[in-house]
Amino acid sequence: MSTRKASRPAGSNDDPADAGTGRRPILLDVARRAGVSRATASLVMRDAPGPSAESRERVRQAAAELGYRPDQAAQLLRRRNSHLIGVMFNAQEPFHADLIENIYAATEELGYDVVLSATAPSRGERRAIEALITSRCEALVLIGAREACTTDFGIRVPVVEIGRPPGESRFDAVHTADDEGTRLAVDHLVSLGHQDIVHVDGGEQPGAAERRTGYLDAMRHHGLGGRARVVPGDYTESSGSEAARTLLAHGRLPTAVVAGNDQCAIGLLVELRHAGIDVPGEVSIVGYDDSRIARLAHIDLTTVRQDTEQLARLAVQAAVERLDKEPDGEAREFSLAPHLMVRGSTGPAR
């Protein structure tokens, strides 16, 4: 006696993906719908060789009908190479945002993607780096790392640091010649007739010591070493505001200030204007970085420009070269020249 398999009525539970339960379809659902094995469906979804053209068409049609999307996380775990570059940055730094924008472009050109992990007052560098390692990043780009990376991360994956001062990194490092940058700022101010020039430094922040050295060297070069004055600060707007209050309390304002970075410079500018001081009529201000906030019309900040596009490109290229060619080579250092961007926050000495 012959038996005949009854056709499945619409809405039956033989195919969980059709059950109306809202469950996300899985690869096994696609294979069943297409009438192929799960292995064949997997090969088709990975565009791997093996299945016939007819099988490929059935699998793709089934996937489209079911709304199936491959699990990217699961695929990543199965891959030997993730093609991910992890980037650690400071969530409070506008300059870091400019760098990240260019890092995305540089990685895409080389066939890599980016995973971001931010540091913040409540989240330290070690935790941020651990998150990138957990995400299976093949290499790390660390922007403005304050710690000397005493961890073993560099042994496990290639590391490139952006902003680490010369000679301080045991990994590949890309930076701007910060001492030259503040020399450019002082040269510009002296050319405008300024002699009473103060520097608000960046404290322990990356590059701060080099910027301070450049300021002091330039003041001595112009015969103003005896008038050099460094006011403590850091790379925050609040430190600039505090420095402005310190200068106002001193009684006699300098005619110009070179700030540790743009955020500090903006804090100075806003606080001085609130006190009724004309910038640049009474006090000229120079920042550092040329972040996008420096270019806003109501800020119009003269600043030392770091080439974010080139910094990002060099860092990504160095990381990929470590992966492709020189995993254990001697640490390299790349130094870029700064450029002065003259805008409305500087003018002739009063």
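This section reports on the structure supplied with the text.

What counts and how
- Residues numbered from 1 in each chain as written.
- Predicted model: local features only at pLDDT ≥ 70, side-chain atom pairs only at ≥ 80, totals over all residues.
- Heavy atoms only, no water.
- Helix = DSSP H or I, 4+ residues; strand = E, 2+ residues; numbered from the N terminus.
- Areas by Shrake-Rupley, 256 points an atom, 1.4 Å probe, with all protein chains shown as cover.
- Pairing = 2+ DSSP bridges.
- Axes fitted to C-alpha atoms, helices over the stretch in contact; angles between N-to-C directions.
- Contact = heavy atoms within 4.5 Å.
- Expected span 1.5 Å × (residues − 1).
- Buried < 20%, exposed > 50% of the residue type's maximum accessible area, 1.4 Å probe, protein only.
- Core = buried A, V, L, I, M, F, W, Y, C linked by side-chain atoms within 4.5 Å.
- Salt bridge = Lys/Arg side-chain N within 4 Å of Asp/Glu carboxyl O.

### Looking at the overall build of the chain
- The secondary structure content of the chain amounts to 12 helices and 12 strands.
- Here the chain displays about 17400 Å² of accessible surface, and carbon together with sulfur accounts for 49% of that area.

### Looking at the sheet that holds strand S11 (residues 333-336)
- Reading across from one edge, S2-S1-S3-S4-S5-S11 is the order of the 6 strands in this open sheet, with parallel pairing throughout. For this open sheet the edge positions go to strand S2 (113-119) and S11, each flanked by a neighbour on one side alone. Between one strand axis and the next, the sheet turns through 15 degrees on average, direction left out of account.
- Bridge count for strand S1 (residues 84-90) against strand S3 (residues 139-143) is 4 bridges, and the pairing is parallel. Along S3, the bridge assignment pairs Met88 with Leu142.
- Taken strand by strand, helix H6 (residues 125-134) contacts S1, S2 and S3, and its axis lies near 160 degrees from that of S2.

### Some details on helix H9 (residues 208-221)
- Taking 1.5 Å of rise per residue, 14 residues should cover 20 Å, and H9 covers 20 Å from first to last C-alpha, within 8% of that figure.
- Turning to H9, its buried residues number three or more, namely Ala208, Glu210, Arg211, Gly214, Tyr215, Ala218 and Met219.
- Packing partners of the buried residues in H9 comprise helix H8 (178-191), strand S6 (197-200), strand S7 (229-231) and strand S9 (284-289).
- Gly223 lies just past H9 and shows a positive phi near 75 degrees.

### Considerations on the nonpolar core
- Judged by nonpolar contacts, the single largest core of 25 residues is most densely connected at Val87, Ile103, Val141, Ile143 and Ile162.
- Top element by residues in this core is helix H12 (residues 308-324). It accounts for 8 residues.
- Those residues within four positions of Ile162 in sequence are excluded, and the remaining contacts are Leu99, Ile103, Val141, Leu142, Ile143, Gly144, Val174, Leu311 and Ala315.
- Grouped together as the second largest cluster of nonpolar side chains are 22 residues, Val200, Val231, Leu247 and Ala294 included.

### Focus on the pattern of salt bridges
- Taken as a whole, this structure holds 25 salt bridges when the rule is applied.
- Taking the shortest distance from any N to any O, the salt bridge between Glu321 and Arg332 comes out at 2.8 Å. Of the two residues, Glu321 is situated in helix H12 and Arg332 in the loop between H12 and S11; the sequence distance between them amounts to 11 residues.
- Given a relative accessible area of 19%, Arg332 falls into the buried group.
- Each of Asp179, Glu180, Arg183, Asp217 and Arg220 takes part in a single network of salt bridges with overlapping partners.

The values reported here are purely geometric and, on their own, carry no functional implication.
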